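In case you want the letters, here they are:
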Amino acid sequence: MANRIEAMKPETADLSEIKMITDQAEITDTYALYLDDESHSFDGMADRIVFPRSEAEVSLLMKNAFNSGTPVTIQGGRTGLTGASVPLGGIALNLERMNKMLFMNYYDADGQYSITAEAGLTLEDMVKAVLSKSLSNLQKTDTKEQKESLECFLNEPDDYTFPVDPTEMSAWLGGIVACNASGARTYKYGAVRDWVRRIRVVLVNGDILDITRGSIRAEDGQFIIVLSDGDEVIVKVPRYKMPNTKNAAGLYARFDMDLIDLFIGSEGILGVITEVELGLVKLPANIMTVMAFFPTEEDAVNFVYDVRSSESLIKMDFLEYFGPNAIKMIKEKASSAGLTVPAMKPDTQSIVFFEFSYTEDEMEPKIMALEELLNKNNTSSESSWAGLDRTELEKMKTVRHFVPETVNGLIAQRKAVYHDVHKIGTDMAVPDEALRDYLKFYRLVLEEQGMEYVIFGHIGNNHLHVNMIPRNNEEVKQGMDNYMLFAKRAVELGGTVAAEHGIGKLKRAFLEVMYDAAGIAEMQAVKLALDPKWLINRGNMIPIPSALA
C-alpha cells in the first residue's frame, strides 16, 4: 500500500456558464441566507456567490481563485452551528446545484452496498431514495459492476439505509463528510467517518484527488501528493493524541492513517469535497423504541451505566437523555400542541430515550432483562412509553425535537431585542468513567449562576449538549466564559471540546485548549502544505499563521 497519490487534471469548463451573483444589493437581500448558518453568530459578507454544477466548474473556480489569491468559503446546507460556512469576504462557493445521485456498488468482502452521490445532495433525499428504492434517476450506471449492483439492490427483499443518524436531515452529504457528522445512532454505528468508502476532492489549485478507503496510507507519518504539474507536496501527519471519545475537534491524526481520513472531518479547510461514496446497512426487522421516565437524574444515569455494561443482554442502537429543564419544555410544548406524552408522571425528572433491535426468539428475554434494569433504577415498563414500529419512533422524535425548537424560539425572541444573543450549546464528550462527575459539574456551575439552560443529548457516548439561553448581551459573555470552563474540564477528564459539531470560526479558542500551541502548529503545517496561500475556508478551525495574516 502506497503513501503516494497522483492528482488529476479536471475536465474543461466554461466560466460564463457558472451561475454567479456579484451585485452586493442582491447578495445582501435575495441571497441573505447564504451569508449565515444555524449558529447566527457572524455577519457574513461575500464579493460574489457562485453555484457550480459540476466538479469541472468547481475546479475552474478554485484555480482562478488560487491564481488571483481570492479567499473561498465552501458552503453546504449551512446547517452547521459554528459559522464554518459563513463567508467573511471573497467567494462563497455553494454546491446546491451538485445534487445528483450517481451510482451504486456492492462489496463482496463485507457484503455491503454503497451509494455514490454529489456533495450537494441532502441526507434526507438520499435516505428516502435508498429506503424506498426510488433509484431510477441514478446518473451514472456505466460499468457492468454498477449495473449489477443496482439490479441486485432493487431486488433485495429487505430495506436499507445509511446508519448514521445526524439530527439535521437537511444537511448535505459533502457537509456531513467534511464535518464527520454524527447523531444518536453513533452509539452503535459510529460517526460518518466509519461509513465513507471514497471521496473526490478538488484542491486549491484546481487539481482533483480520487481517494478510496484503504488505498493510500501514511508511511513514516507522511503522505506524498503529486500535483498535475509534477510538483510533490509532503503532508506530515500531526503527532498529537486524539481523545478516546466521540470526537470532531481538529484534523484526524494517526501515524499510519488512511489519507481519506485526513479530509473527513477537516471542515473543508483542505479542499472541496465534490463526490462521496457511503456504505449502507440493512434495517433490522424488529425494533423496540422506549422513552423511560425516571424520578431522579441519578436513577437515569445509573440505568445508562447498567445497560451499557458488557453483562447487559440489551445492545442499544442509541441512548438519549433529557434533564429536568428539558422535561419542562417538553411538557409545555406538548400541552400547547394538544399532545399527550404517554406514561410520563408529574414527578418525572429525567428521560432516557433508547432503541434496540431483536429477533422473535430474543424478544421475551430482552424485555425481561430491560424490566429488571428499569426496576433496579426506580421505574418500570409501565412507567415508560414504548413502541414496536417506526411510526411510534417518529412520534417520539417529534417529542425529542420539542426541546431544540423551544430553545431556538427563545433565542429568536431575545435576539430581536439584544443583537449579540445567540444559543450557546456545548458539544463536549468525556470518557465513560467521567460521565457522572461531568454532569454534576455542569449543574453546579449553572445553578449557582442562575443561567437559563437545558441539558439533553447523546448520553450513550457521554456527549450531552448544554444549551445556555442568554437573556441579554451580558449573559452571552457569561455563557462563552462558561463554555471555556466546561471545555477545560472536559479536556482534564480526557475528553473532547467538540464531539460532533466541529470547530468552525466560533470555537477555535476551545481547540487550542485541547491541543495546545504545538498541536495547532501541526494542523497549520498540514493546511499550508495543501493550501499555501491559506485561501480555503479562511478563519475556520485554526488561525492564519502570522506570516500570512
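About the cut-offs
- Residues numbered from 1 in each chain as written.
- Predicted model: local features only at pLDDT ≥ 70, side-chain atom pairs only at ≥ 80, totals over all residues.
- Heavy atoms only, no water.
- Core = buried A, V, L, I, M, F, W, Y, C linked by side-chain atoms within 4.5 Å.
- Buried < 20%, exposed > 50% of the residue type's maximum accessible area, 1.4 Å probe, protein only.
- 1 Å grid on protein atoms, 1.4 Å probe; cavity = no way out; pocket = protein on both sides within 12 Å on 5 of 7 lines; lining within 4 Å.
- Points joined across faces, edges and corners; volume = space filled by probe spheres on them.
- Helix = DSSP H or I, 4+ residues; strand = E, 2+ residues; numbered from the N terminus.
- Nonpolar A, V, L, I, M, F, W, Y, C, P; charged D, E, K, R; others polar.
- Phe/Tyr/Trp six-rings, centres within 6.5 Å; stacked < 30°, edge-to-face > 60°.

Draft legend 1. Focus on the nonpolar core. Ranked by size, the top nonpolar core spans 147 residues in total, and within it Phe162, Val177, Phe263 and Phe354 carry the most contacts. The next biggest cluster of nonpolar side chains, apart from the first, holds 21 residues, and it includes Leu61, Ile74, Leu95 and Val272.

Draft legend 2. Here's a closer look at the layout of surface pockets. By volume, the second largest pocket is sized at about 730 Å³. If you go around the second largest pocket, you meet 31 residues; those closest to its centre are Asp165, Met169, Arg185, Glu394 and Lys397. Those elements giving two or more residues to the lining of the second largest pocket turn out to be α3 (123-132), β14 (281-282), β16 (318-322), β17 (350-357) and α11 (390-415). When residues of the lining of the second largest pocket are assigned to their parent elements, the largest contribution, 7 residues, is made by α11. Along the lines of polarity and charge, the residues of the lining of the second largest pocket split into 15 nonpolar, 4 polar and 12 charged.

Draft legend 3. Representation of the packing of aromatic side chains. One pass over the full model with this rule turns up 17 aromatic pairs. Taking 5.1 Å as the distance between ring centres and 70° as the angle between the ring planes, the aromatic pair formed by Tyr113 and Phe153 counts as edge-to-face. On the criterion of sequence distance, the pair formed by Tyr113 in strand β7 (residues 112-118) and Phe153 in helix α4 (residues 144-154) is long-range, its members being 40 residues apart. Grouping residues by exposure puts Tyr113 and Phe153 together as buried. Where Phe318 meets Phe353, the ring centres are 5.0 Å apart and the plane angle is 70°; that geometry is what we call edge-to-face. In this pair, Phe318 sits in strand β16 while Phe353 sits in strand β17, placing the two residues 35 residues apart along the sequence.

Draft legend 4. Here's a closer look at unusual backbone geometry. A positive phi angle, near 75°, is found at Ala343, a position not held by glycine. Looking at the element boundaries, Ala343 is found in the loop between α9 (324-336) and β17. Residue classification places Ala343 among the partly exposed residues on the basis of a relative accessible area of 31%. Of note in this structure, Met541 is not a glycine but carries a positive phi near 65°. Turning to its location among the elements, Met541 is positioned in the segment after α14 (508-530). You can call Met541 buried: its relative accessible area is 0%.

Just distances and angles here, no functional claims.
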